[in-house]
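# Coordinate inspection notes
Listed here are the chains, written in short residue letters.
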Amino acid sequence: MVSNRVNGVDGPLKGIRVLDWTMWQFGPVSAAMMGDMGADVIKIEALDGDAGRALSRASTMSLNLAGGRNAYFEACNRNKRGIAVNLKTPEGRDIIYRLVEGADVFVQNFRKGVAERLGIGYDTLREINPRLVYGSASGYGPEGPDAYLPSFDGCGQARAGLMMSATPIGAKVPARISQGVSDQIGAIMLCNGILAALVARNQQGVGQRIDTSHLSANMWLQGLGISMSLMSGTQFGAYDRNNPRNALANMYECGDSRWIQLMHLQADRYWTPFLTALGLTEVIDDPRFATLEERAANAPALVAILDRKFAEKSFDEWDALLRESGDFIYAKVQTIEELQYDSQVIANDYITTFDHPVIGPVKMCNHPNIYSETPAGIWREAPELGQHTEEILVEELGYTWEDIGKLQEAGAIP
Ligand SMILES: CC(C)(COP(=O)(O)OP(=O)(O)OC[C@H]1O[C@@H](n2cnc3c(N)ncnc32)[C@H](O)[C@@H]1OP(=O)(O)O)[C@@H](O)C(=O)NCCC(=O)NCCS
C-alpha cells in the first residue's frame, strides 16, 4: 500500500476505515475526501463496477486517459482501494458484514430501499457494529413523497433553486452551472456530517446514521440567501449588473475583454479612494451619486461611466494600478482552465501533481484544506475494478485461498 506519510506524519483521519459503497460522484467524492485526509477507504463495487467507470464524456470533454483509465472515475475515487462483491449472494453479504465489524464509516448513495433489499441497511449494520457511522446520500431526503426518486446533479441544481440563482436578470433560459457542482457540494456536506458523527462517536460513544441530499446540500449552499429571504419576506434575486444597488460591487469588462469583479461591499468607505484611483475624481461629488441610495437610484448611469472607464485599459493594467493602494477588493474573472497558472493556486498547491503509476504525472485539484501537522493530499490512484479483493479478503479478513475459490464459484467475487 502506498504510504500517505509526509515527513513521518499521517493525515488527520489516520486509523479510520471507510467502507465506500457508492457510485457516480456524490457518494464517491465524500469518501475520496476522507481518503485525502488519510482514512483507509475501501470502495465496494458490484461485479460490473460503478456506472461512473463507463462515462466517456462530460459535456464536450473526453474522459478517456492513457491505459484505459477514466478522468471522471480517477477524480472521484482517488485514495481508495477497491473490492468487487456481488451483494446479491449470501457469501457476498457476509464479506461486507465482516468488513463492517472493523470499520468506522460506511457510505452509500444508492436509491432509498436498495441497501435494505441487499441486507446492508443501517439497522442491520448497526447490529454488527453499534459504533458505525453510516452516511447516506439521496436526491431529495430520506422522508417525503419523493424520497424514492432517482436524482443527478442537474436535479439538485434545479430543485434547490441554484439554477435560478445563477440565471442573469432578463435571461429567458435557466442557467445550469457545469462541473457537477451539485454533486460536489452534496459530497462535501456528506463528508462534513460523517466527520461530526465520528467526533460524536468518540465523545459520546454513539454510532449513527447521517442523511444528506442534493436538495439539502444545494439549499445550504444558498443557505444565507434562503434564510435572509424567509426572515425578511423579500427575495434575494439574481444580480443585475446593469442596475446594481452598489456599482462598486459589480463586474466590468476591461479593454482586453477580460472581466473584473469588484467587491467593495462598504460602498461609502471605498467611494472616494476607488474613484480617485480610477481617475474619475469628477464623479466623486456628482450629486446623482452623493449617497448609496442615490447611487442605487441612478445605477445605470454610474455603470455606464464605469463601463467606459474600464474599457480604457486591459485587466492587467487595471490590476497593476489598483494594487498600488493594496486596499481595493476585486478579482479577475477566470476560467477553470486558467487556474493552473494562477500564482495563488501554485503557491498554495491547490492544484497538485500526482505521479499516477499508470498514466504518469497528472495534475488534479488538491484537497481544499491545508493541515499544518497532519497533511491531506493525493496518495493513491483510483482502484481498478476489484483490484484489492483478494488482498483484503485474505490478508485482512482471514479468508483462505480455498475460501476465495468457493466465493468465486458462488459468484460472490470476480
Ligand atoms: C444514482 C441513482 C440515480 C442510480 O439509480 P439506478 O442506476 O437506478 O440504481 P439504484 O440506486 O436504484 O440501484 C442500483 C442497483 O445496483 C444494485 N447493486 C449495487 N451494488 C451492488 C452489488 N455490490 N452487488 C449487487 N448488486 C448491487 C442494487 O441492488 C440495485 O439493483 P436492484 O434495484 O436490482 O436491487 C440513484 O441511486 C440515486 O438517485 N441515488 C441518490 C442520489 C445520488 O447519489 N445520485 C448520484 C449523483 S452523482
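In what follows, the structure referred to is the one given above.
Residues numbered from 1 in each chain as written. Predicted model: local features only at pLDDT ≥ 70, side-chain atom pairs only at ≥ 80, totals over all residues.

### Comments concerning the overall build of the protein
Scanning the protein from terminus to terminus reveals 18 helices and 13 strands. For the protein, the C-alpha atoms occupy an extent of roughly 85 × 50 × 45 Å along the three principal directions. Counting only residues that meet the buried cut, the protein has 34% of its 414 residues in that class. Counting only contacts in the protein whose residues sit at least 6 apart along the sequence, the fraction spanning at least 24 positions is 68%. (Helix = DSSP H or I, 4+ residues; strand = E, 2+ residues; numbered from the N terminus. Buried ≥ 20, exposed ≤ 12 C-beta atoms within 10 Å, placed from the backbone. Contact = placed C-beta atoms within 7 Å.)

### Some details on the sheet that holds strand S1 (residues 17-21)
The strand order across the open sheet built from six strands is S5-S2-S1-S6-S7-S8, with neighbouring strands paired in parallel fashion. If you trace the sheet from one side to the other, it starts and ends with strand S5 (80-84) and strand S8 (208-213), each paired once. Strand-to-strand twist across the sheet, computed as the mean angle between neighbouring axes with direction ignored, equals 20°. Across four bridges, the pairing between strand S6 (residues 105-108) and strand S7 (residues 133-138) is parallel. Each residue of the ladder has a partner; that of Phe106, found in S7, is Tyr134. (Pairing = 2+ DSSP bridges. Axes fitted to C-alpha atoms, helices over the stretch in contact; angles between N-to-C directions.)

### Regarding the sheet that holds strand S10 (residues 259-262)
One open sheet accounts for three strands, arranged S9-S10-S11; its pairing is antiparallel. Each edge of the sheet is formed by a strand with only one pairing partner; in this case those strands are strand S9 (251-253) and strand S11 (330-332). For this sheet, the mean inter-axis angle between neighbouring strands, taken without regard to orientation, is 25°. Inspection of the sheet shows S9 paired to S10 by three bridges, in the antiparallel sense.

### Remarks on the site of the ligand
Neighbouring residues of the ligand: 22 residues in total, closest Trp24, Ala46, Asn109, Arg111 and Pro150. At the level of elements, helix H1 (26-36), helix H4 (114-117) and S7 are the ones that each hand at least two residues to the shell around the ligand. Residue composition of the shell around the ligand, by class: eleven nonpolar, seven polar and four charged. (Near = placed C-beta within 6 Å. Nonpolar A, V, L, I, M, F, W, Y, C, P; charged D, E, K, R; others polar.)

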